[in-house]
Amino acid sequence: MKRAFVLAVICLSACLSQAQPLYQDEDTAIFRQWMQYADTGNREITQIALFFTDTPYEGGTLEGDSTERLRINLRRLDCFTFVENVIAFHLLLQGDDPSFERFCEILQYIRYRGGILNGYLSRLHYTGEW
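Just so it is clear, the structure is predicted and the values come from calculations on it, not from any experiment.

Rules of the game
- Throughout this description, residue numbers start from 1 for each chain and increase along the sequence as written.
- For this predicted model, a pLDDT threshold of at least 70 governs which residues receive local features, and a threshold of 80 or more governs which side-chain atom pairs are given and counted, while totals over whole chains, interfaces and linings are taken from all residues.
- Hydrogen atoms and water are omitted, and side-chain values are computed over all heavy atoms in the structure.
- Under the DSSP-based scheme used, a helix requires at least four consecutive residues in state H or I and a strand at least two consecutive residues in state E, with every element numbered from the N terminus.
- Working definition: with a 1.4 Å probe on protein chains only, accessible area under 20% of the residue-type maximum means buried, over 50% means exposed, and in between means partly exposed.
- Note on contacts: a residue pair qualifies if any of its non-hydrogen atoms lie within 4.5 Å across the two residues.
- Under the convention used here, a 1.4 Å probe and the Shrake-Rupley method define accessible areas, while residue burial counts only the protein chains that appear.
- A score from 0 to 100, pLDDT tells how confident the predictor is in each residue.
- A 3.5 Å cut-off defines polar contacts: any pair of N or O atoms within that distance qualifies, except that in protein one atom must be a possible hydrogen donor and the other a possible acceptor, and neighbouring residues in sequence count only when both atoms are side-chain atoms.
- In summary, the pairing rule links any two rings of Phe, Tyr or Trp, Trp by its six-membered ring, whose centres are within 6.5 Å, and it sorts them by plane angle into stacked for under 30 degrees, edge-to-face for over 60 and tilted for everything else.
- Salt bridge criterion: a side-chain nitrogen from Lys or Arg within 4 Å of a carboxyl oxygen from Asp or Glu.

Here's the deal with the overall build of the protein
- A tally of regular secondary structure across the protein gives 5 helices and 0 strands.
- Tracing the protein from N to C terminus, the helices and strands come up as α-α-α-α-α.
- In the protein, which comprises 130 residues, the proportion classed as buried is 41%.
- Sequence-distant contacts in the protein: of pairs separated by 6 or more residues, those separated by 24 or more amount to 58%.
- As displayed, the protein offers around 7,500 Å² of accessible surface, 55% of which is attributable to carbon and sulfur atoms.

Next up, the structure:
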């Protein structure tokens with residue numbers, strides 16, 4: 001059942017159109033560091049979480065101007081974005097395309113209802129909505 005859910009998430013998110021995500025070069029550098037970490041056998045969800053334990057806390061990292069965008073911030077996390085990123089990395093490792101672009105697609109699917117970014121109200125603000 002768990003595997004079916006993972007495959008469904010990956011398949012559904014591949015079908016979604018995606019707006020250009022907002023991130024910095026440092027985020028892609030952290031992504032590459034994480035991929036090297038995963039390549040050394042650190043692929044369990046708890047090991048993924050441990051990778052981010054020294055990441056500074058910052059609230060409001062998803063907020064910006066009035067336009068809702070898929071914001072990728074691996075430099076600073078709040079409680080919710082910590083969980084989102086750990087799950088997204090875990091799901092990324094279940095597929096056969098471990099690219100940053102694929103990571104963004106999975107994160108969009110986790111963060112927005114049905115994976116469709118349609119303004120602020122489409123963002124899932126509570127884990128109970130998952």
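A look at the confidence of the model for the protein
- A residue-level look at the protein finds 85% of positions with pLDDT of 70 or above and a mean pLDDT of 88.
- Model confidence for the protein, summarised as mean pLDDT per element, is weakest for helix H1 (residues 2-15) at 51 and strongest for helix H5 (residues 100-111) at 97.
- The model gives residues 10-18 a pLDDT under 50, and that stretch makes 20 contacts with residues more than four places away or in other chains.

What about the environment of arginine 113?
- Tracing the backbone shows arginine 113 in the segment after H5.
- Of the residues examined, arginine 113 reaches a relative accessible area of 37% and is grouped as partly exposed.
- Considering only alpha carbons, one finds arginine 113 and arginine 123, 10 residues apart in sequence, at a separation of 6.3 Å.
- The contacts of arginine 113, once residues within four sequence positions are left out, are Leu121, Ser122, Arg123, Leu124 and Glu129.
- At 3.5 Å, the side chain of arginine 113 and the backbone oxygen of arginine 123 are in polar contact.

Observations concerning the packing of aromatic side chains
- Within this structure, the stated rule accounts for 11 aromatic pairs.
- Seen in terms of ring centroids, tyrosine 37 and phenylalanine 51 are 5.1 Å apart; in terms of plane orientation they differ by 45°. Their pairing is tilted. With a gap of 14 residues between them, tyrosine 37 in helix H2 (residues 25-39) and phenylalanine 51 in helix H3 (residues 45-51) connect regions that are remote in the sequence.
- Phenylalanine 51 gets classed as partly exposed once you look at its relative accessible area, which sits at 23%.
- Consider the rings of phenylalanine 89 and phenylalanine 103, whose centres lie 4.4 Å apart with planes at 25°: the pair is stacked. Placement of the pair is phenylalanine 89 in helix H4 (residues 79-94) and phenylalanine 103 in helix H5, with a sequence separation of 14 residues.
- On the basis of relative accessible area, phenylalanine 89 is assigned to the buried category, the value being 0%.

Focus on the pattern of salt bridges
- Counted under the stated rule, the structure contains 9 salt bridges.
- A salt bridge links glutamate 58 to arginine 76; the nearest nitrogen and oxygen atoms lie 3.2 Å apart. Of this pair, glutamate 58 sits in the loop between H3 and H4 while arginine 76 sits in the loop between H3 and H4, and the two are 18 residues apart along the sequence.
- Aspartate 65 serves as the salt-bridge partner of arginine 71, at 3.5 Å between the closest nitrogen and oxygen.
- For arginine 71, a relative accessible area of 8% puts it in the buried group.

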